[in-house]
Amino acid sequence: SPNLARTSYRPGMLSNAVIIGAQKCATTSLGHYLAQHPEVCLPRLVDRAGGEHPFDRPARQSNDAVRPAPVGNDYNGEKIVLQKRPLWIYEPRYAANIAAYNPEAKIIAVLRNQADRAFAHWRHNIRKGREARGFSSSLACEERRISRNAYFRQHFSYLDRGHFAAQLDRYAEHFSDDNILLLTFEQLAQEPQETCNRTLDFLGLSITFMFDVVFRS
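So, how was this worked out
- Residues numbered from 1 in each chain as written.
- Predicted model: local features only at pLDDT ≥ 70, side-chain atom pairs only at ≥ 80, totals over all residues.
- Heavy atoms only, no water.
- Helix = DSSP H or I, 4+ residues; strand = E, 2+ residues; numbered from the N terminus.
- Buried < 20%, exposed > 50% of the residue type's maximum accessible area, 1.4 Å probe, protein only.
- Contact = heavy atoms within 4.5 Å.
- Pairing = 2+ DSSP bridges.
- Axes fitted to C-alpha atoms, helices over the stretch in contact; angles between N-to-C directions.
- Polar contact = N/O pair within 3.5 Å; in protein donor to acceptor, adjacent residues only side chain to side chain.
- pLDDT = per-residue confidence, 0-100.

1. So, the overall build of the protein
Tallying secondary structure elements over the protein gives ten helices and five strands in all. For the protein, the residues scored as buried account for 50% of the 217 residues in total. Sequence separation of 24 or more characterises 77% of the internal contacts of the protein that already satisfy a separation of 6 or more.

2. Looking at unusual backbone geometry
Following glycine 21, the chain continues to alanine 22 via a peptide bond in cis, the omega torsion being 10 degrees. Its place among the elements puts alanine 22 in the loop between β1 (17-21) and α1 (27-34). Backbone geometry places alanine 26, a non-glycine residue, at a positive phi of 80 degrees. Mapped onto the elements, alanine 26 comes out in the loop between β1 and α1.

3. Examining the sheet that holds strand β2 (residues 40-41)
If you trace the five strands from one edge of the open sheet to the other, you get β2-β3-β1-β4-β5, paired in parallel fashion. At either end of the open sheet lies a strand with only one pairing partner, and these are β2 and β5 (180-184). In this sheet, strand β3 (residues 80-84) lies alongside β1 in parallel orientation, the contact comprising three bridges. Within β3, the position partnered with alanine 17 by the bridge is leucine 82. Along the sheet, helix α8 (residues 164-172) contacts β1, β4 (106-111) and β5; its crossing angle with β4, the most-contacted strand, is approximately 175 degrees.

4. Overview of the side chain of serine 138
Checked against the element boundaries, serine 138 lands in helix α5 (residues 135-140). Within the local environment of serine 138, its side chain forms a polar contact with the backbone oxygen of glycine 134, the two atoms lying 2.8 Å apart. Leave out the neighbours within four places in its chain, and serine 138 touches Trp122, Glu131, Arg133, Arg145 and Tyr158.

5. Structural notes on the confidence of the model for the protein
Of all residues in the protein, 82% attain a pLDDT of 70 or more, and the chain-wide mean is 86. Per-residue pLDDT stays below 50 along residues 3-12; that stretch engages in 37 contacts with residues further than four places along the chain or on separate chains. For residues 46-50, every residue scores under 50 in pLDDT, and the model assigns this stretch six contacts once sequence neighbours within four places are set aside.

6. Let's talk about the pairing of β1
Buried residues dominate β1, accounting for five of its five residues. Examined bridge by bridge, β1 and β4 share four bridges and lie parallel to one another. Bridge pairing in β4 places glycine 21 opposite alanine 109.

Shown next as structure tokens:
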């Protein structure tokens, strides 16, 4: 079963790999696949229980105390401690915060056709009961809505989240090209094993592992 940490955080190994997004680009599938590997630990996000994630904090100075590491009691010395949240590619502060946390972290981004991503995002909100407008109406009023507050920006940024070039530029300012891997939704959907092997190679892990690939968009 996937190596999902059941508790929050304790001091220890720094997270050294991060799936930054994007939303509705199959990051759930990628995280599920990678967590099957015996050398990958994917802790659950503590902020889902109302806590603060270390990446939420402002960038720290290099002489600060050792930062807490997001590894729970299920961590058993895995080589890779992986974090995943699609908000991290979108919100500007996270690139610097993650670099301050671990400047050598491996950054993984999964991208998708912007129109397809926006429509999938809208359908997700419809299913969750967050959205009452039609797709066209939602796009027409997006700029006004996302300027209201953080909640609206997070949940109704259908088009704004598709500005991948600007989002990735922020990460390129803090991480070397060798530490950034770009994948696509289509690659994960059509060639999951090959795409996971590419990701394992990027993480410095053996590519002989066979994944149970059940796609989740």
